[in-house]
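Next come the chains, spelled out residue by residue.
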Amino acid sequence: MAAVLVDGLTKRFGDFTAVDAISFEIKEGEIFGLLGPNGAGKTTAISMLSTLLEPTSGRALLNGIDIQNDQDGVRKAIGIVFQDQSLDEELTAWENMDFHGRLYRIPKVIREARIGEMLRLVELEDRQDSLVKTFSGGMRRRLEIARGLLHEPSVLFLDEPTLGLDPQTRNHLWEYIRNLNRRKGITIILTTHYMDEADRLCNRVAIIDRGRIVAMDTPANLKNRVGEDVVSITSPDADRIAGGITAPWILGAEQYDGQVIIRLQSAEDHLLELLRIIGGEGYTIRSISIRKPTLEDAFLHYTGREMRQEEAGAVDRMRMMMPRRN
Ligand SMILES: Nc1ncnc2c1ncn2[C@@H]1O[C@H](COP(=O)(O)OP(=O)(O)OP(=O)(O)O)[C@@H](O)[C@H]1O
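These remarks concern the structure in this document. All of these numbers come straight from a predicted model, not from anything done at the bench. Per-chain numbering applies: the sequence of each chain, read as written, is numbered from 1 onward. With pLDDT at 70 or above as the cut-off, local features in this predicted model cover only qualifying residues; side-chain atom pairs require 80 or more to be listed or tallied, and sums for whole chains, interfaces and linings still use all residues.

Topic: the overall build of the protein
Next, step 1: Think of it this way: any DSSP run of H or I at least four residues long counts as a helix, any run of E at least two long counts as a strand, and we number them from the N terminus. Helix and strand counts for the protein come out as twelve helices and 14 strands.
Next, step 2: With respect to the principal axes defined by its C-alpha atoms, the protein has extents near 75 × 40 × 35 Å.
Next, step 3: For the exposure call, what matters is how many other C-beta atoms sit within 10 Å of a residue's own: 20 or more marks it buried, 12 or fewer exposed, and in between partly exposed, using C-beta atoms placed from the backbone. Counting only residues that meet the buried cut, the protein has 40% of its 326 residues in that class.
Next, step 4: Contact criterion: two residues are in contact if their C-beta atoms, reconstructed from the backbone, are within 7 Å. Within the protein, contacts between residues at least 6 apart in sequence are counted, and of these 70% link residues at least 24 apart.

Right, dumping it as structure tokens:
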């Protein structure tokens with residue numbers, strides 16, 4: 001049985017379709033990523049799957065349980081960590097965990113043993129009696145993950161798990177998530193707008209844009225489909241180069257912000273010829289670089305637009321520290 005089965009799930013807000021008939025299946029124990037820019041519909045999608053938002057149409061099953069027919073059943077089976085932090089600042093790490101355990105009516109003896117285990121898992125046992133307001137961003141996120149696991153869910157939803165964290169803390173957090181998935185066999189669905197996060201962490205990724213899934217596969221396959229190599233050229237003639245360049249070994253060319261991104265077979269074999277073609281047309285080249293395709297290239301390939309990747313920007317950091325929306 002699939003851990004998650006989604007079929008034509010749709011959410012409309014008035015005339016606006018935030019999630020547009022998405023369908024996918026997630027195997028037990030998989031780490032599955034919804035990758036897309038801000039506003040793509042990722043949070044809306046997982047809010048429906050976690051029964052916080054009523055779908056407009058379509059259906060979804062979690063461990064075979066229908067999200068519309070048995071909301072309590074689904075809620076028992078899942079853990080959720082939202083992008084906006086929802087810890088009580090004035091309570092200690094232990095107290096935050098304990099409060100959650102009581103909400104789920106976990107008996108005291110089991111609750112205490114599990115709180116200890118989960119805090120050890122995210123390496124916060126030494127700080128269990130410290131107030132959350134003394135914690136760093138990374139510690140808060142780890143505590144939220146530990147709390148989301150307290151009732152032993154089989155599916156964990158992580159909404160932008162490393163939003164606003166510095167690169168080193170993000171790396172650590174990826175390790176915790178991987179460990180969790182390995183040691184507990186837990187199925188993880190995460191949303192992210194960080195390409196490297198999707199690439200490094202997920203077994204499979206669905207690229208979501210304007211509410212639609214435009215591609216879905218392993219990160220390696222998504223990148224391979226783009227081409228063997230990517231040549232990126234900065235030029236004042238970028239749009240004319242992208243519009244006119246053809247050769248049997250060129251798989252495609254897109255223009256973005258003064259750059260042409262050319263997808264091709266073996267740059268090593270064809271670079272000189274490529275320069276000859278561009279030079280022959282009298283176009284100017286300001287700079288050129290060659291690289292292997294990234295998920296950013298896959299996104300550009302499938303949507304025709306670039307998905308700007310911000311590294312833990314100020315806005316992200318602010319969003320992470322803000323209290324929850326609801
Ligand atoms: N309650 C609502 N009413 C109206 N529009 C909404 C509502 N919730 C979300 N939207 C819109 O739906 C779209 C998708 O939002 P959503 O939060 O799912 O995107 P996202 O991919 O998760 O991006 P982010 O990471 O920035 O939250 C956005 O255009 C958003 O403005």
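Re the sheet that holds strand E13 (residues 259-264)
Next, step 1: Strand pairing is defined by DSSP finding a minimum of two bridges between the two strands. One open sheet accounts for four strands, arranged E12-E13-E11-E14; its pairing is antiparallel. Here the strands that pair on one side only, and so sit at the sheet edges, are strand E12 (250-256) and strand E14 (287-291). Sheet twist, expressed as the average angle between the axes of neighbouring strands with direction ignored, equals 15 degrees.
Next, step 2: Two elements, E12 and E13, share six bridges in a ladder whose sense is antiparallel. An axis is simply a line fitted to the C-alpha atoms; with a helix, the fit covers only the stretch in contact. Between two such axes, the angle follows the N-to-C directions and lies from 0 to 180 degrees.

Structural notes on the packing of helix H5 (residues 137-148) against helix H6 (residues 167-184)
Next, step 1: As a packed pair, H5 and H6 sit with axes 10 Å apart at the nearest point and diverge in direction by 15 degrees. On the basis of their axis angle, the class for H5 and H6 is roughly parallel. Regarding H5 and H6, the two cross each other, and that crossing is right-handed. Where H5 approaches H6, its residues Gly137, Gly138, Arg141, Arg142 and Ile145 are matched on the opposing element by Thr169, His172, Leu173 and Tyr176. Just so you know how the angles are binned, under 35 degrees is roughly parallel, over 145 roughly antiparallel, 65 to 115 roughly perpendicular, and the rest oblique. Working rule for handedness: look at the near helix, and if it is turned counterclockwise from the far one by less than a right angle, call the crossing left-handed; if clockwise, right-handed.

Description of the sheet that holds strand E6 (residues 78-81)
Next, step 1: Spatial strand order, E6-E7-E8-E3-E9-E10: six strands in an open sheet with mixed pairing. The sheet is open, and its two borders are formed by E6 and strand E10 (212-217), each paired with just one other strand. On average, adjacent strands in this sheet sit at an angle of 15 degrees to one another, irrespective of strand direction.
Next, step 2: Pairing of strand E3 (residues 31-35) with strand E8 (residues 187-192), which is carried by five bridges, proceeds in the parallel orientation. By the bridge assignment, Leu35 is partnered in E8 with Thr192.

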